[in-house]
Amino acid sequence: MKKYPACYCTHRAIDGMLDLLKTHPLRPDEIEGITVRLSENYATILRNHLPQTGLAAKFSIEFAMASSVVANRVGLTELTDSFVQRREVQDLMGRVKVETNTDYDPQQAGASVADQAIVRLRAGGELESERVARARGHAEKPLREDELFAKFENCLLAGRSTVDPAVLFKRLQAMEDSSARSLTSLH
């Protein structure tokens, strides 16, 4: 199950960056630049380097890194034209570069053995994410319930739903044992 509503080629680098930010919270103005290491194949697919729309941003590793830093997530609420066009997002995308490799994973077509994000700090020094071989949501690394709920809640927020996400999520989890009436009665 995809954790992020962007091209799957971005997911491992997003996981790496978000994990790095959990231990080293950073503001965009503290970052000199970001280098993302991924396969040549993935870099070819992620061809939108300075997207201006939410749709184009889905195929941009630069946007994925900028959204990770600016919003601390990459969700539907970030894949909007207005978020993509924010000055701080556009500025940070311009400071992302890609290093490609041909060290392909024999079990995952087109992917490197692992992807990684490296952040160069304006104050000096670098921070490196872990090398991520499997994205969250991969069959070998399934999403936890809290991660599923966060994605679900973000989808409802982006759709401007007035339904209580916790109530609906709980009911959908019990769907096999529920009637149609109990699922649609959100009181």
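Source: prediction; values computed, not measured. (Residues numbered from 1 in each chain as written. Predicted model: local features only at pLDDT ≥ 70, side-chain atom pairs only at ≥ 80, totals over all residues. Heavy atoms only, no water.)

1. A closer look at the packing of aromatic side chains
Under the defined criterion, the tally for this structure stands at 3 aromatic pairs. Between Phe 63 and Phe 83, the aromatic rings sit 6.1 Å apart at their centres with planes inclined by 90°, giving edge-to-face as the arrangement. Of this pair, Phe 63 sits in helix H4 (residues 61-70) while Phe 83 sits in helix H5 (residues 81-84); the two residues are 20 residues apart in sequence, bridging distant segments of the chain. Across the pair, Phe 83 and Phe 63 agree in class, each one buried. For the ring pair Phe 149 and Phe 169, a centre distance of 5.2 Å and an interplane angle of 75° mean the geometry is edge-to-face. Of the two residues, Phe 149 sits in helix H7 (residues 145-158) while Phe 169 sits in helix H8 (residues 165-173), which places them 20 residues apart along the sequence. Counting every residue linked through ring pairs, the aromatic cluster contains Phe 149, Phe 152 and Phe 169. (Phe/Tyr/Trp six-rings, centres within 6.5 Å; stacked < 30°, edge-to-face > 60°. Helix = DSSP H or I, 4+ residues; strand = E, 2+ residues; numbered from the N terminus. Buried < 20%, exposed > 50% of the residue type's maximum accessible area, 1.4 Å probe, protein only.)

2. A few points about the nonpolar core
Residues Met 17, Ile 34, Val 36, Ile 61, Phe 63, Met 65 and Val 119 are the most contacted members of the largest nonpolar core, which totals 36 residues. Of all elements in the fold, only helix H1 (11-23), strand E1 (31-39), helix H2 (40-45), H4, H5, helix H6 (87-93) and strand E3 (116-121) reach the threshold of two or more residues within this core. Setting aside its immediate chain neighbours within four residues, Ile 34 contacts Met 17, Met 65, Val 69, Leu 92, Arg 95, Val 96, Lys 97, Ile 118, Val 119 and Arg 120. (Core = buried A, V, L, I, M, F, W, Y, C linked by side-chain atoms within 4.5 Å. Contact = heavy atoms within 4.5 Å.)

3. A short note on the pattern of salt bridges
Enumeration according to the criterion identifies 17 salt bridges in this entry. In the salt-bridge network here, residues are joined through shared partners; they are Lys 3, Asp 15, Asp 19, Lys 22, Arg 136, Arg 144, Asp 146 and Glu 147. (Salt bridge = Lys/Arg side-chain N within 4 Å of Asp/Glu carboxyl O.)

4. Some details on the environment of Lys 170
Along the chain, Lys 170 falls in helix H8. Here the alpha-carbon distance between Lys 170 and Phe 149, two residues 21 residues apart in the chain, equals 9.4 Å.

5. A closer look at the packing of H1 against H4
Packing of H1 against H4 leaves a shortest axis separation of 10 Å and a crossing angle of 25°. Considering the angle they form, H1 stands roughly parallel to H4. Two packed elements cross with a definite hand, and for H1 against H4 that hand is right-handed. In this structure, H1 contributes Ala 13, Ile 14, Met 17, Leu 18 and Leu 21 to the contact, and H4 contributes Ile 61, Ala 64, Met 65, Ser 68 and Val 69. (Axes fitted to C-alpha atoms, helices over the stretch in contact; angles between N-to-C directions. Parallel < 35°, antiparallel > 145°, perpendicular 65-115°, else oblique. Left-handed = near helix turned anticlockwise from the far one by under 90°.)

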